[in-house]
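This is what each chain is made of:
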Amino acid sequence: MSPKNIVKCILCDMDGVLRIGTQPIPGVQNIFYYFKELKIQPIIITNECRYTNKKIYDDLKNMKILKDDTIPLITSANVCKTWLENYMYSNKFRYDKFNVCVIGEKGLQVNIKDIKSKNLSLNSIWELDNKTQNIIILGSLFNYTENHKKIIKEWLSNTSTLIVKTCDDNADPELNCVLPNTILNNFNKVADVNVGKPDINFSQEVNRLLKQMNLSHIDSSEIMLVGDTMNTDIKMGIGLGYKTILVLSGNTKIYDLKTYNYSPDYILPSLHFIKKLL
């Protein structure tokens, strides 16, 4: 069944779909403006947390994928900020202080530092206090140092520490960073909270944006999600009732599909070929 004429919004993953590193995936330049010509609202959704939104926009413009900053963008760093703000508000009568250690690059650091709260303390030292909630946020790292390992070990050795990770990915198309799951596996730990796809925290951020854009009336069957990773992109899309497209230009290869008990609605070599469906 073709999605023709019934797609009103396309959520598009970034790494492995639009680009790998500093190189655009062939055929994706100006694809978002093709969507707009069809009156389809595009939104970029990514588990990327290393870069600020401005850096991502600038990079995509340099690659000729975007012309300006008008296409909405949600990163897992943005979602992490929202989650932490909501968590502190919900627990404001339980704790006097939220002692937060952020292990990550500039994109994650900037988002958390942007939170305005007198109860938030950004710190690399774990604190023992019944009225303090210690939270460690693990993002992706370009350079995973011995100092990182020392700090993380201290925080994870205390069972009361709330562990947050920015994504559930096990691989990155660039192959140039250490992911949260790798860090946690090294310490034989699991996260208490995941703010990246396919977690509900990311889904809620998408829903908030759709409402903000006056698009919350769109039926889930009229939304399409395009991604390169089965256990994050496609899993989230299926859970939300969206049409899903797996592109084979990033993390997932066709032979990987047999390892999953769910499948996308469509499989394409790359995002460029979506034009045949629209």
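How each quantity is defined
Residues numbered from 1 in each chain as written. Predicted model: local features only at pLDDT ≥ 70, side-chain atom pairs only at ≥ 80, totals over all residues. Heavy atoms only, no water. Phe/Tyr/Trp six-rings, centres within 6.5 Å; stacked < 30°, edge-to-face > 60°. Helix = DSSP H or I, 4+ residues; strand = E, 2+ residues; numbered from the N terminus. Buried < 20%, exposed > 50% of the residue type's maximum accessible area, 1.4 Å probe, protein only. Lys NZ or Arg CZ within 6 Å of the ring centre and 35° of its normal. Polar contact = N/O pair within 3.5 Å; in protein donor to acceptor, adjacent residues only side chain to side chain. Contact = heavy atoms within 4.5 Å. Pairing = 2+ DSSP bridges. Right-handed = clockwise from strand over helix to strand, strands pointing away.

K.L.:
Please explain the packing of aromatic side chains as it appears in this structure.
P.N.:
Two measures describe an aromatic ring pair: the distance that separates the ring centres and the angle between the ring planes. In the structure shown here, the tally under the stated rule is seven aromatic pairs. Ring plane angle 80 degrees and centroid distance 6.1 Å describe the contact between Tyr87 and Phe98, whose orientation is recorded as edge-to-face. Of this pair, Tyr87 sits in helix α3 (residues 76-90) while Phe98 sits in strand β6 (residues 97-103), placing them eleven residues apart in sequence. Like Phe98, Tyr87 is buried. Relative to Phe98, the ring of Tyr95 has its centre 5.9 Å away and its plane inclined at 70 degrees; by these criteria the two rings are edge-to-face. When its relative accessible area of 9% is taken as the criterion, Tyr95 is described as buried. One aromatic cluster is present, formed by Trp83, Tyr87, Tyr95 and Phe98 through successive ring pairs. In this structure, Lys149 packs its charged tip against the face of Tyr144, placed 5.3 Å from the ring centre.

K.L.:
What's the story with the side chain of Asn78 in this structure? I'm lost.
P.N.:
Mapped onto the fold, Asn78 is located in helix α3. Among the polar contacts made by the side chain of Asn78, one reaches the main-chain amide nitrogen of Thr75 at a distance of 3.0 Å. Not counting chain neighbours up to four residues away, the residues in contact with Asn78 comprise Asn53, Leu73, Asn111 and Glu205.

K.L.:
Which parts of the structure should I look at to understand the pairing of strand β8 (residues 132-138)?
P.N.:
As a general feature of sheets, a regular strand has side chains that alternate between the two faces. Most of β8 is tucked away, with seven of its seven residues classed as buried. Alternating residues of β8 divide into Thr132, Asn134, Ile136 and Leu138 and Gln133, Ile135 and Ile137, and every residue in both groups is buried. Inspection of the sheet shows β6 paired to β8 by seven bridges, in the parallel sense. Bridging across to β8, Cys101 finds its partner in Ile136. Here β8 pairs with strand β9 (residues 162-165) via four bridges, running parallel. Paired with Ile136 across the strands is Ile163, a residue of β9. One crossover worth recording links β8 to the parallel β9 by way of helix α5 (residues 146-156), and it is right-handed.

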